[in-house]
Amino acid sequence: MTSTAQPAQDGRELSALVDRLASVPGREERLVHVETLPSRPAVTAPWPAWADPSVVAAFRARGVAAPWQHQAAAADAAHAGTHVVLATGTASGKSLAYQLPALSAVLAGRGRRGQRGATVLYLAPTKALAQDQLAGLQGLGVDVRATTHDGDSGRDQRDWARDHAEYVLTNPDMLHRSLLPGHQRWAQFLGSLQYVVVDECHHYRGVFGAHVAHVLRRLRRICAAYGAHPTFVLASATVADPEVAAGRLTGLDVLAVTGDGSPRGRVSLAMWEPPFTSHAGENGAPVRRAASSETADLLADLVAEDVRTLAFVRSRRGAEQVAMTAAGLLAEVHPSLPGRVASYRGGYLPEERRALEEALRRGEVTGMAATNALELGIDISGLDAVLMAGFPGTRAALWQQVGRAGRGAQDALGVLVARDDPLDTYLVHHPETLLGRPVEATVFDPGNPYVLGPHLCAAAQEIPLTPEDLPLFGPTAEGVVGQLTAAGLLRKRPRGWFWTDRRRAADLADIRSSGGRPVQLVEAGTGRVVGTVDASSAHGAAHPGAVYVHRGETYLVESLDLEEHVAVIDRRDVDHSTSAREVTEISIVAEREARRWGECRLAFGEVDVSHQVVSFLKRRQPGGEVMSEEPLDLPVRTLRTTAVWWTVPDDVLEEAGLLRQDLPGAAHAAEHCSIGLLPLFATCDRWDIGGVSTALHPDTGMLTVFVHDGHPGGAGFAERGFAAAREWLTATRDTIASCACADGCPSCIQSPKCGNQNNPLDKAGAAALLDVLLDGG
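Residues numbered from 1 in each chain as written. Predicted model: local features only at pLDDT ≥ 70, side-chain atom pairs only at ≥ 80, totals over all residues. Heavy atoms only, no water.

Draft legend 1. Layout of the sheet that holds strand β12 (residues 309-312). One open sheet accounts for seven strands, arranged β1-β9-β16-β15-β12-β14-β13; its pairing is mixed. Each edge of the open sheet is held by one strand with a lone partner, namely β1 (31-37) and β13 (341-344). Each strand axis lies, on average, 15° off the axis of its neighbour in the sheet, ignoring direction. Looking at chain direction, β12 and strand β15 (residues 385-389) are connected through four bridges and run parallel. Residue pairing in the sheet places F312 in a bridge with M388 of β15. Packed onto the sheet, helix α11 (residues 291-304) meets β9 (267-272), β12, β13, β14 (367-370), β15 and β16 (412-417) and runs at close to 165° relative to β15. Sitting on the sheet, helix α15 (residues 422-429) touches β1, β9 and β16, and the angle it makes with β9 is about 130°. (Pairing = 2+ DSSP bridges. Helix = DSSP H or I, 4+ residues; strand = E, 2+ residues; numbered from the N terminus. Axes fitted to C-alpha atoms, helices over the stretch in contact; angles between N-to-C directions. Contact = heavy atoms within 4.5 Å.)

This is the structure:
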C-alpha cells in the first residue's frame, strides 16, 4: 500500500482520490468507471399551519428552520388522512415527515387532564432501528409518552406501554406475536390509533414481506373492530414503483412522494473490479481476487490519507478480517495508524456499539469495517468515503450505504468493489443501472397459501372470521379458508369461522422463515446448541460428514435426524471444506401466464421441484482442490412453488447452428447466469431462487430453462422475472458476452450453489442460445 501523506481538508476533491487509488502500481485496469453526480440545493416549504407549535419549535431547536418540500408534502397528505409512502434517498429527513403529523395528533387528542386520546404505532424491521428512533424522539423534547415494545422489554415496561404510551415503537414480530393475539388488553391503544408508521418498508420482501402484509391486514381488521381506521405512512429508500409495493403491503391505495428536496453535495461513485489471480478455481476456471481483500487495501490507503471511511462487508467474519488486514498494512506506514481502524458488526454489546459510533463521530477512528448493522438508522455524520465489498443486494441498499458519507451538503465518495459474481460483473460494466430509474421491484406474494393460511387462523382466533372479512386478505382467502375448515383447523358457525385448536394460532407462522422447523446443531458431549440451519438447507449443510463453521471454529457433522430436526456435531480441526452434490428435477403443475417470442415461448406458473442430495465433495483448504466424493443416502424433498421458464424448439436451434451435443452446457450456463442476474430486477438473493435446465424436458418436448422460487408457494421472484423477462435476459446475455474470461468463470456462468459442480457449462453456447431467444422476442 502507499501513502501520499496529504491531510484531509474540508472541501477536499474526493473524486481525485479515486485516481490516486487507481494509479498505485499493480492496480492497472481495476477502476472501470467513475460517475460524479452534481450537488443539489435544498428546496424548502413553509411549516404547515395545522402543525402543533410546540412540535415545530422542537424541530427548529434542532436546527430545522423549515421542512424540505418532500417532508411537507408527505406530512400534509398524512394529516389529511391519505395513506402515503415517502420514497426518497438516505439522509433526506423521512422521520420528520411522519413525526410532524403524528406528534401533532397526539398532542391535539389529549383530554384536559392529559388523558391519551390519539396513539401512534411505529414499526421497524429491527429492534436497533426502533431504539434509535426512540432516542431521536426523546431528543426532540416534545411532551409525548413514547416507549419501545420488543423482546427486550420487561413486564413493567410492557404494561406501561399498553396502558399509558401514546407513541409505541415496535417491530412486525411483536405485532404478530404479542399485540394482535392480546388485542383485548390493547383495546384502548388500538381504538385510538391514528397513525401507523412502517419505516424502511423496502425491507419487507419475499416471504417475509408476504407475512408482514397479512400482519398489517390483521391490524387493520382489529382496529376497525374498535372503531379506528389509522392512516398508514410508509418510508422507503428509492425503489421501482413504491406506491405499488406499499399498496400490496398494506392492502390500501397509497400516494407516493418521490421528489427529494434535501440538499446533497457531489457524489462520486467508482466501479472497481478486482483482477484475475493466478489461482485456478473449479474446472480450471480463472478466479478474481476477493472483494474483501481489495477493500482492505483501499481502506488502508484512505485511512493513511486521513479520509474518514466506512467499509461495508457482507459477513461478520469478513468485517473483522478487513479491519485486521487494513490495520496490518497501516502498521507498515506508521505505528500510530493501526489504532485508527476498527470493526463494527451485529453481536457486539450495545455499549460496545455506542462507543464505536462515538469514536467514529469524533474522528478517533478514521476507518471502520462494518456489516449492514450500520446501514439502518444510526446517524453517523462527517464521513468522507464509503467502500462496499460487493453489491449489497439492492439498489436501495447501495445508495443507503453510499449515503452514510457526505451527509448534508458535504461531498462524498462511494466505491463499489465487485465480487466474483455475475450481478457485480454486470453492474460495474453497466453503471447506468445504478444511476438511472430503479429497475428492481420489492416483490412478494400475499396470496401464497402457505403464508396466508396461518394468518387466517391467527385472525380467526383474534376475532372470528366472517365472509365480509375475506376480501381484506385477497382473492384466494375464501379457497384457503375452505381448506383450513376441511383440515379441522377452523370450524364454520353461523357467525363465521372459529379457531378450534388449543395452540396459539399466531405460533403457526414464523414470519422471518420460509417454513419448516429449523434443524438444531447440537455439540456432542455437551449437548450445547451451537447454531441452527433452515429445514430447506439441512440436507446440503448438515448431512453426516459436512464441515460446519461457526465463529471461525470448524465442526464435523456426525449424524442428522430429520424427524427430530437435530444434527449432532463434534468440534474438529480439519483440512477441508465440504459441498453437497444435488440432483434436481422439475415438473410443470399449472401454467398461469405465457407469451410467445417468435418461435420461442416464455411462461410462468406452478411447478413441483424435487431435490435429492446424493453425495458431497471434500475440498482441501485453502487450495480448493477436490480430495474425494462421498456418497449419501438422503430422501427426496419435493417443493410446490412458482417458476418462470422458456423454451426453444429444435428447428430454431438447428437454424442457429447450435449443435445438439452443446445444448446441455449452453442451457446450464444460461440458467446459472440468469439466476445471478434476477436480483437486479426482483429484490432477492441468488440463494432465494433455483433453476433447472434440460435439452429436452418431458413436459414441453423441447429445450427448457426454469428459474424457480426457493420457497413453498412462491415468493414473487419468478413472477417478477416473467414480467421483466426482456430486460432480465438481455442483462444475462450481456454479462456472459462481456466477461473477460475465455470459457466461463464465477463472474459469469459458474455458480457457487451448483449441485453438478458446474459441469457441463458452455459460455459461447449460452450467449448464442440467449441471442436466439431474444431475437424471437
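Picking up after the structure, the text goes on.
Draft legend 2. Structural detail: the packing of aromatic side chains. If you walk through the whole model with that rule in mind, you get six aromatic pairs. Ring geometry for Y98 against Y122: centres 6.1 Å apart, planes inclined by 45°, an arrangement best described as tilted. One end of the pair, Y98, is in helix α4 (residues 94-108); the other, Y122, is in strand β3 (residues 119-123), and 24 residues separate them in sequence. Taking the relative accessible area as the measure of exposure, Y98 reaches 3% and is therefore buried. Judged by its relative accessible area of 0%, Y122 falls in the buried class. One Lys or Arg, K492, reaches over the ring of W497 and ends 4.9 Å from the middle of that ring. Above the face of the W597 ring, R726 is positioned so that its terminal group lies 5.0 Å from the ring centre. (Phe/Tyr/Trp six-rings, centres within 6.5 Å; stacked < 30°, edge-to-face > 60°. Buried < 20%, exposed > 50% of the residue type's maximum accessible area, 1.4 Å probe, protein only. Lys NZ or Arg CZ within 6 Å of the ring centre and 35° of its normal.)

Draft legend 3. Representation of the nonpolar core. With 120 residues, the main nonpolar core has V198, L219, L249 and W646 as its most contacted residues. In contact with V198, other than residues within four places in its own chain, are L123, Y204, L216, F232, V233, L234, A235 and L249. W47, A58, A75 and A235 belong to the second-largest nonpolar core, a separate cluster that totals 39 residues. (Core = buried A, V, L, I, M, F, W, Y, C linked by side-chain atoms within 4.5 Å.)

Draft legend 4. Structural context of the confidence of the model for the chain. Scored by pLDDT, the chain has a mean of 89; 94% of the residues are at 70 or more. For the stretch residues 1-12, pLDDT sits under 50, and the model shows 24 contacts to residues farther than four places along the chain or on other chains. (pLDDT = per-residue confidence, 0-100.)

Draft legend 5. Here's a closer look at the pattern of salt bridges. Applying the stated criterion to the full structure yields 36 salt bridges. A salt bridge links R162 to D159, with the nearest nitrogen and oxygen atoms 2.9 Å apart. Here D159 and R162 lie together in helix α6 (residues 155-163), a separation of three residues that amounts to about one turn. With a relative accessible area of 16%, R162 lands in the buried category. For R592, the salt bridge goes to E606, with nearest N and O atoms at 3.7 Å. Of this pair, R592 sits in strand β24 (residues 576-597) while E606 is found in strand β25 (residues 600-620), placing the two residues 14 residues apart along the sequence. Its relative accessible area of 24% is what places E606 among the partly exposed residues. Where salt bridges share partners, they join R30, R289, E294 and D297 into one cluster. (Salt bridge = Lys/Arg side-chain N within 4 Å of Asp/Glu carboxyl O.)

Draft legend 6. Region of interest: the pairing of β25. The element β25 is largely enclosed, with a buried count of 15 among its 21 residues. Bridge analysis of β24 against β25 gives 20 bridges, and the strand direction is antiparallel. Residue pairing in the sheet places E591 in a bridge with G605 of β25. Between the antiparallel neighbours β24 and β25 lie two residues, among them G598 with a positive phi of about 65°. Across 11 bridges, the pairing between β25 and strand β27 (residues 637-648) is antiparallel. Counted as the bridge partner of R601 is T647 from β27. In terms of strand pairing, β25 meets strand β26 (residues 626-631) through five bridges, oriented antiparallel. Across the sheet, residue F616 finds its bridge partner in β26, namely E630.

Draft legend 7. Main features of the pairing of β13. The alternating pattern of β13 places V341 and S343 and A342 and Y344 on opposite faces, both of which are buried. Note that β13 and β14 share four bridges and pair parallel. Bridge pairing in β14 links V341 to G367.

Draft legend 8. Geometry of helix α17 (residues 449-462). With 14 residues, α17 extends 20 Å between its outermost C-alpha atoms, agreeing within 8% with the 20 Å of an ideal straight helix rising 1.5 Å per residue. Counting buried positions over the 14 residues of α17 gives 11, a clear majority of the element. Along α17, the positions that sit buried rather than exposed are V451, L452, G453, P454, H455, L456, C457, A458, A459, A460 and E462. The inward-facing, buried residues of α17 contact α7 (172-179), α9 (206-225), α18 (477-486), β17 (490-493) and β18 (496-499). Its side-chain oxygen 2.9 Å from the backbone nitrogen of Y450, N448 forms the N-cap of α17. (Expected span 1.5 Å × (residues − 1). Polar contact = N/O pair within 3.5 Å; in protein donor to acceptor, adjacent residues only side chain to side chain.)

Draft legend 9. Layout of the sheet that holds strand β5 (residues 167-170). Strand order in the open sheet made by the seven strands is β4-β5-β3-β6-β7-β2-β8, with parallel pairing throughout. Bordering the open sheet on either side are β4 (146-148) and β8 (255-257), each of which pairs with just one other strand. Between one strand axis and the next, the sheet turns through 15° on average, direction left out of account. Summarising the sheet, β4 and β5 pair through three bridges and their orientation is parallel. Bridge pairing in β5 links T147 to V168. Those strands touched by α6 are β4 and β5, and its axis lies near 135° from that of β4.

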